[in-house]
Amino acid sequence: MISLQNIDHEEAFSENDLSLLSTLALNMGVALENARLYQETQRHAVEMAALAEIGSDIASTHEMEPVLERLAAKTRDLLQVRDINLFLLQPDGHTLSPIVALGKYTEETLAQPLQMGEGLTGDIARSGMAEIVNYPEDDQRAVHIAGTPQITDELECMMVAPLISRGG
């Protein structure tokens, strides 16, 4: 919206002024949409470059842990988040072991394996469906990670997605 005020003159605006303002508003709208599309294109280019770099990392090594660490670091930068954790399902089919943790509570996260269906992460792993949890502290599935504060003043939001490999 564009709002103009004139407090110096009564009936300061004419139909011609309104027509000009409408034309300007249309042109500004087009310019804003072009700027939004340009930003979106730039964001997609950054994402594609990151994906290509991740693909190159994966192809260049057969060691899983360094690849997962680079994948986590690039994902963290790309999504601009404080924390990222990667869990892998162990051969027992029930244990989710933390393999990579980057962020505020790295040591605490790495020290606490989860069980399939346990906590938010374990429940989402069991369902196989990605999920956004805007208030994890209010979610009944939440499990406290030992060594982290029970109550925090920090606003928290989680996004969790299962890692699916070709083998299952």
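On a predicted model such as this, the values are computed, not experimentally measured, just so you know.

The rules behind these values
- The residue numbering used here restarts from 1 in each chain and proceeds along that chain's sequence as written.
- In keeping with the predicted nature of the model, local features appear solely for residues at pLDDT of at least 70, side-chain atom pairs appear and are counted solely at 80 or more, and the whole-chain, interface and lining totals rest on all residues.
- The side-chain figures draw on all heavy atoms in the structure; neither hydrogens nor water molecules are used.
- Only DSSP runs of H or I with at least four residues qualify as helices, and only runs of E with at least two residues qualify as strands; both kinds are numbered from the N terminus onward.
- For the radius of gyration, the atom set is restricted to C-alpha positions; the globular benchmark scales as 2.2 Å times the number of residues to the power 0.38.
- Summary of the burial criterion: residues with accessible area below 20% of their type's maximum are buried, those above 50% are exposed, and those between are partly exposed, where the area comes from a 1.4 Å probe applied to protein chains only.
- Each accessible area is a Shrake-Rupley result for a 1.4 Å probe, and residues are judged covered by the shown protein chains and nothing else.
- Only four residue types enter the charge count: Lys and Arg as positive, Asp and Glu as negative, with His and the chain ends excluded.
- To locate a charge, take NZ of a lysine, CZ of an arginine, CG of an aspartate or CD of a glutamate.
- Strands qualify as paired when DSSP identifies two bridges or more between them.
- In this description, a nonpolar core means a group of buried Ala, Val, Leu, Ile, Met, Phe, Trp, Tyr and Cys residues linked to one another through side-chain atoms lying within 4.5 Å.
- Working rule for contacts: check all heavy atoms of both residues, and any pair within 4.5 Å makes them a contact.
- Criterion for a salt bridge: a side-chain nitrogen of Lys or Arg within 4 Å of a carboxyl oxygen of Asp or Glu.

Caption draft 1: Examining the overall build of the protein more closely. The secondary structure content of the protein amounts to 4 helices and 5 strands. Counting from the amino terminus, helix and strand elements in the protein follow one another as α-α-β-β-α-β-α-β-β. Computed over its C-alpha atoms, the radius of gyration of the protein comes to 25 Å, more than 25% above the 15 Å expected for a compact globule of 168 residues. A burial count over the protein gives 18% of its 168 residues as buried. Here the protein displays about 12,700 Å² of accessible surface, and carbon together with sulfur accounts for 56% of that area. When the 10 positive and 27 negative side-chain charges of the protein are each reduced to one mean point, those points stand 10 Å apart.

Caption draft 2: Quick look at the pairing of strand E1 (residues 84–89). Here E1 pairs with strand E2 (residues 95–102) via 6 bridges, running antiparallel. Within the sheet, the bridge partner assigned to Asn85 lies in E2 and is Ala101. What sits between E1 and E2 in their antiparallel hairpin is a turn of 5 residues, with Gly93 showing a positive phi close to 75°.

Caption draft 3: How the structure looks around the nonpolar core. In this structure, Leu68, Ala72, Ile84, Leu86, Leu88 and Val100 together form the largest nonpolar core, which totals 6 residues. If you list the elements that add at least two residues to this core, you get helix H2 (64–79) and E1. At 3 residues, the largest contribution of residues to this core is made by E1. If we skip the residues at most four places from it in the chain, Ile84 touches Ala72, Thr75, Arg76, Val100, Ala101 and Leu102.

Caption draft 4: Representation of the pattern of salt bridges in the model. Applying the stated rule across the entire model yields 7 salt bridges. One salt bridge in this structure joins Arg36 and Glu33, with 2.5 Å as the shortest N-O distance. Of this pair, Arg36 and Glu33 are both found in helix H1 (residues 15–60), 3 residues apart, which corresponds to roughly one turn of the helix. Judged by relative accessible area, which is 34%, Glu33 ranks as partly exposed. A salt bridge links Glu40 to Arg36; the nearest nitrogen and oxygen atoms lie 2.8 Å apart. With a gap of 4 residues between them, Glu40 and Arg36 both fall in helix H1, about one helical turn apart. Taking relative accessible area as the criterion, Glu40 reaches 30% and is therefore assigned partly exposed.

Caption draft 5: Looking closely at the side chain of Ser97. Here Ser97 is to be found in strand E2. Overall, the relative accessible area of 17% leaves Ser97 in the buried class. Once residues lying within four places of it in the same chain are set aside, the contact partners of Ser97 are Leu86, Phe87, Leu88 and Gln90.

Taken by themselves, the reported measurements are silent on function.
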